[in-house]
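Understanding the architecture of this molecule
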Amino acid sequence: MKILGIDDNTDINELLDTVLNGSGHELIYVKNGTEGLKFIREKKFDIVLLDLAMPEFSGFDVINSLLKEGLLTKQKIILFTASSVLDSEIEELIKKGVHSCIRKPVDLDLLLEKLEQLQV
């Protein structure tokens, strides 16, 4: 699978790079929401792993931009959050078209399970 990771945490990006590329996936990652949104608009990804809490242009901003442009339902997005995002907020995002959410620290087995469920 071709996967885009959007997260400002270098350690998480490097961990995902090792695990996902080592599992036969192709991961490209960026460190901010603005760059991530640009990649989503320009390239085709099977899955987008999106951190909600990033400075300046957050995961919420990415989702809202995709929603306004009619692109949200064309993406399979798994959210990452370490912040105190309420379950009700996550449920709203899922209703809008986000696939699911994984709380940090990321459970790699759960992530791989979700990726397998979404395999195209």
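Scroll up to find the structure this text is about.
The numbers attached to residues start from 1 for each chain and follow its sequence in the written order. Local features in this predicted model are restricted to residues of pLDDT 70 or higher, and side-chain atom pairs are both shown and tallied only at a pLDDT of 80 or more, whereas totals for entire chains, interfaces and linings draw on every residue. To get the side-chain values, take all heavy atoms of the structure and skip hydrogens and water.

1. With respect to the overall build of the protein chain
Here a helix means four or more residues in a row that DSSP labels H or I, a strand means two or more in a row labelled E, and each is numbered from the N terminus. On a plain count of helices and strands, the protein chain comes out with 5 helices and 5 strands. Helices (α) and strands (β) of the protein chain occur, in sequence order from the N terminus, as β-α-β-α-β-α-β-α-β-α. Only C-alpha atoms enter the radius of gyration, while the globule expectation follows 2.2 Å times N to the 0.38, with N the number of residues. A compact globule built from 120 residues should have a C-alpha radius of gyration of about 14 Å, and the protein chain, at 13 Å, falls within 12% of that. Accessible area is worked out with a 1.4 Å probe on protein chains only. A residue is then buried under 20% of its type maximum, exposed over 50%, and partly exposed in between. Here the protein chain holds 120 residues, and 44% of them are scored as buried. What makes two residues a contact is simply this: any of their non-hydrogen atoms within 4.5 Å. Residue pairs at least 24 apart in sequence account for 61% of intrachain contacts in the protein chain once pairs closer than 6 positions are excluded. If you sum the accessible surface of the protein chain, you get close to 6300 Å²; carbon and sulfur atoms cover 49% of it. Here Asp and Glu are counted as negative and Lys and Arg as positive; His is not counted, and neither are the chain ends. Here the site of a charge means NZ on Lys, CZ on Arg, CG on Asp, or CD on Glu. Within the protein chain, one finds 14 positive and 21 negative side-chain charges whose respective centroids are separated by 8 Å. Only the protein chains shown count as cover for residues, and the accessible areas themselves come from Shrake-Rupley with a 1.4 Å probe.

2. Re the environment of Lys43
Tracing the backbone through its elements, the reader meets Lys43 in the loop between α2 (33-42) and β3 (47-51). For Lys43, a relative accessible area of 40% corresponds to the partly exposed category. Linking Lys43 and Leu4, residues 39 residues apart in sequence, is a C-alpha distance of 9.7 Å.

3. Describing a negative patch on the surface
Patch members must show over 30% relative accessible area and no salt bridge, and they are joined within 9 Å when carrying like charges or within 5 Å when they are nonpolar side chains of Val, Leu, Ile, Met, Phe, Trp or Tyr. The term salt bridge refers to a side-chain nitrogen of Lys or Arg lying within 4 Å of a carboxyl oxygen of Asp or Glu. A grouping of Asp107, Asp109, Glu113 and Glu116 is seen on the molecular surface, where their side chains present a negatively charged patch. Locating Glu113 in the fold gives a position in helix α5 (residues 108-118). Glu113 sits in the partly exposed class, given a relative accessible area of 47%.

4. Re the nonpolar core
Residues grouped as a nonpolar core are buried Ala, Val, Leu, Ile, Met, Phe, Trp, Tyr and Cys residues, joined through side-chain atoms within 4.5 Å. Judged by nonpolar contacts, the single largest core of 22 residues is most densely connected at Leu4, Ile6, Val48, Leu50, Ile63, Ile77 and Leu79. Of all the secondary-structure elements, those providing two or more residues to this core are β1 (2-6), α2, β3, α3 (59-68), β4 (77-81) and α4 (87-96). With residues near it in sequence (within four places) discarded, Ile63 still touches Leu50, Leu52, Leu72, Leu79, Leu93 and Val98. By size, the runner-up hydrophobic cluster in this structure holds 15 residues, among which are Ile12, Leu27, Val106 and Leu111.

5. A word on the pattern of salt bridges
Per the counting criterion, the structure on display carries 5 salt bridges. One salt bridge connects Arg41 with Glu69, and the closest N-O pair in it is separated by 2.4 Å. With a gap of 28 residues between them, Arg41 in helix α2 and Glu69 in the loop between α3 and β4 connect regions that are remote in the sequence. For Arg41, a relative accessible area of 47% translates into the label partly exposed. Taking relative accessible area as the criterion, Glu69 reaches 37% and is therefore assigned partly exposed. Residue Asp51 pairs with Lys104 through a salt bridge whose shortest N-O separation is 3.3 Å. Of this pair, Asp51 sits in strand β3 while Lys104 is found in the loop between β5 (100-103) and α5, placing the two residues 53 residues apart along the sequence. You can call Asp51 buried: its relative accessible area is 2%. A relative accessible area of 19% means that Lys104 is categorised as buried.

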